[in-house]
Amino acid sequence: MKLKLARITVVALTVALALSAVPAFAAVVTGPVPHDCTVSGYSLKGLEPAAARALIASVTPAATRMPLTFTAAGKTLRLAPAGMFKTDVERMLAVAYEPTTTVGFEIAPAYFVSTSLVRRWVDTVAAKAVDRKASSSRYILKNSRVTSTPYVIGRKLDRTRAYSGVRSIVVSSLAASAETTFSPVALRVIATRPSVTKANLGKVLLVDVSERRLWLYKNGRLERTFRVAVGTSDHPTPRGTFKIIGKVKNPSWTNPAPSGWGAGMPAYIGPGPSNPLGTRALYLNSPGIRIHGTSKRYSIGTAASHGCMRMLREEVEALYPLVPVGTTVYIVK
């Protein structure tokens, strides 16, 4: 009768400890194990605490539980909860030292849920499967024309809730029988918006040298079209992707090639309508290349410049306030 009562006490203690699912503080034990007790059939009696701990850790069988299922962002994630369990050596050792008159009792396995292992699974398995970076809209060239890519909403696993939610169901599985199954648990996912969508995509300029036209796009849509003059075959307008790096109202002009094509021209011309740069100039990050006005209205639509893109005075003045510094400029063909 005493033996049966002792076993019931041991089992009840083990279940209570498992339900708490937290590791115990190190048992305050001294001297050899005083009782005739075993773990998985191996005797602890007479072992010093360090040796008893090592034996418990080595012979306690791993817990087995049914897989747990989680869902998030349309994905199904499975977790083997036993991989989150650790043998609660200290709890089991404490039983070996508890006062008792029982002889030859078996200490039942006790386990706790490892918070660090749960968090590792959430971070490296669940989050890796669910997380997706948001992707911003951007301008691209397609067949020498400007188009824009769609933005993509990102998603991120709510790790804080996942830590507690996953741990809670793992704790429940530890407290349940090995054959118990649990319904799938949904994990919260947070949507993340990209910084740039078509609503705030901004401006871009496209210049087609062969068509001698300039297009201004705003938020993915064509806003204005202008005719321009482009560089001659001896001084071609460069092709590629550039940026507007500066803007000047009523610019002055300094002869860039006084001993070359600028021979015979003044070294300097001050601001004014007759200035070679007209009344407005937008500077590209290509040496000497600008989008600017001109007094030579007849040159618009022709290959007449030394690489720059000329515009009618009234049109460059209309374009000037619409284009901020930093705007991308595509020059094609």
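About the thresholds
Each chain has its residues counted from 1, following the order in which its sequence is written. Reporting of local features is limited, given that this is a predicted model, to residues whose pLDDT is at least 70; pairs of side-chain atoms are given and counted only at 80 or more, and all residues count toward the totals for whole chains, interfaces and linings. Water and hydrogen atoms were dropped before computing side-chain values, which therefore reflect all heavy atoms in the structure. Strand pairing follows a simple DSSP-based rule, namely that at least 2 bridges must link the two strands. The way it works is that DSSP assigns letters per residue, a run of H or I at least four long becomes a helix, a run of E at least two long becomes a strand, and they are numbered from the N terminus. Residue contacts are defined here by distance: any two heavy atoms, one from each residue, within 4.5 Å place the two residues in contact. Every axis corresponds to a line fitted to the C-alpha atoms, with the helix fit spanning only the stretch in contact, and the corresponding angles, defined between N-to-C directions, vary from 0 to 180 degrees. With a 1.4 Å probe rolled over the protein chains alone, any residue whose accessible area is under 20% of its type maximum counts as buried; one over 50% counts as exposed, and the rest are partly exposed. What the arc covers is the set of directions going from the helix axis to the C-beta atoms. The predictor attaches a confidence to each residue, called pLDDT, with possible values from 0 through 100. Any pair of N or O atoms that falls within 3.5 Å is considered a polar contact. Within protein, one atom must be able to donate a hydrogen and the other to accept it, and sequence-neighbouring residues count only if both atoms are side-chain atoms. Every case where a carboxyl oxygen of Asp or Glu lies within 4 Å of a side-chain nitrogen of Lys or Arg is listed as a salt bridge. Any two rings among Phe, Tyr and Trp, with Trp reduced to its six-membered ring, count as a pair given centres within 6.5 Å; such a pair is stacked if its planes are under 30 degrees apart, edge-to-face if over 60, and tilted if neither. Both a distance and an angle decide whether a charge sits over a ring: NZ of Lys or CZ of Arg must be within 6 Å of the ring centre and within 35 degrees of the ring normal. Working rule for angles: under 35 degrees goes down as roughly parallel, over 145 as roughly antiparallel, 65 to 115 as roughly perpendicular, anything else as oblique. The handedness criterion is simple: a crossing whose near helix is rotated anticlockwise from the far helix by less than a right angle is left-handed, and one whose near helix is rotated clockwise is right-handed.

Right, let's talk about the sheet that holds strand 3 (residues 68-72) for a bit. An order of 4-3-11 is seen for the 3 strands of this open sheet, with the pairing classed as mixed. Two strands lie at the open edges of the sheet, namely strand 4 (75-79) and strand 11 (185-186), each paired on one side alone. With 5 bridges connecting them, strand 3 and strand 4 associate as antiparallel partners. Counterpart to Thr 71 in the pairing with strand 4 is Thr 76. Across the face of the sheet, helix 4 (residues 115-130) comes into contact with strand 3 and strand 4 while running at roughly 160 degrees to strand 4. Where helix 5 (residues 159-175) meets the sheet, it contacts strand 3, strand 4 and strand 11, and its direction lies at approximately 160 degrees from that of strand 3.

With that settled, consider helix 2 (residues 49-59). Those residues of helix 2 not exposed but buried are Pro 49, Ala 52, Leu 55, Ile 56 and Val 59. Across the axial projection of helix 2, the buried residues extend over an arc of 125 degrees, all falling on one side. For helix 2, the exposed residues set more than 90 degrees away from the buried face come down to Ala 50 and Ser 58. Those residues of helix 2 that are buried are in contact with strand 1 (37-39), strand 2 (42-43), strand 5 (85-87) and helix 3 (89-97).

On average, the chain scores 90 in pLDDT, and the residues at 70 or more come to 92%. Overall, residues 1-20 carries pLDDT values under 50, and its contacts beyond four positions in sequence, including any with other chains, amount to 22 contacts.

To continue, consider the environment of Asp 88. Structurally, the position occupied by Asp 88 is in the loop between strand 5 and helix 3. The exposure class assigned to Asp 88 is buried, which follows from its relative accessible area of 2%. Sequence-wise, Asp 88 and Arg 53 are 35 residues apart; in three dimensions their C-alpha atoms are separated by 10.0 Å. Polar contacts involving the side chain of Asp 88 include one to the side chain of Arg 91, which spans 2.2 Å.

Here the structure, examined in full by the defined rule, presents 13 salt bridges. With a closest N to O distance of 3.0 Å, Asp 208 and Arg 145 form a salt bridge. In this pair, Asp 208 sits in strand 13 (residues 203-208) while Arg 145 sits in strand 9 (residues 145-148), placing the two residues 63 residues apart along the sequence. Look at Arg 145 and you get partly exposed, because its relative accessible area is 25%. Linked by salt bridges that have partners in common, Asp 123, Asp 131, Lys 156 and Arg 159 make up one network.

Once that is clear, we can look at the packing of aromatic side chains. Within the structure shown, the criterion is met by 1 aromatic pair. Here Phe 70 and Trp 121 contribute two aromatic rings whose centre-to-centre distance is 5.5 Å and whose plane-to-plane angle is 50 degrees, an arrangement assigned as tilted. In this pair, Phe 70 sits in strand 3 while Trp 121 sits in helix 4, placing the two residues 51 residues apart along the sequence. We classify Phe 70 as buried; its relative accessible area is 0%. Judged by its relative accessible area of 8%, Trp 121 falls in the buried class. The ring of Tyr 320 has Lys 247 lying over it, and the distance from NZ or CZ to the ring centre is 4.4 Å. Looking at Arg 280, its charged tip hangs above the ring of Tyr 320, at a distance of 5.6 Å from the centre.

Following both chains from N to C, one finds helix 2 and helix 3 inclined at 125 degrees, their axes separated by 10 Å at the closest point. The angle between helix 2 and helix 3 falls in the class oblique. For the pair helix 2 and helix 3, the crossing hand works out as right-handed. Contact residues: Pro 49, Ala 52, Arg 53, Ile 56 and Ala 57 in helix 2; Val 89, Glu 90, Met 92, Leu 93 and Tyr 97 in helix 3.

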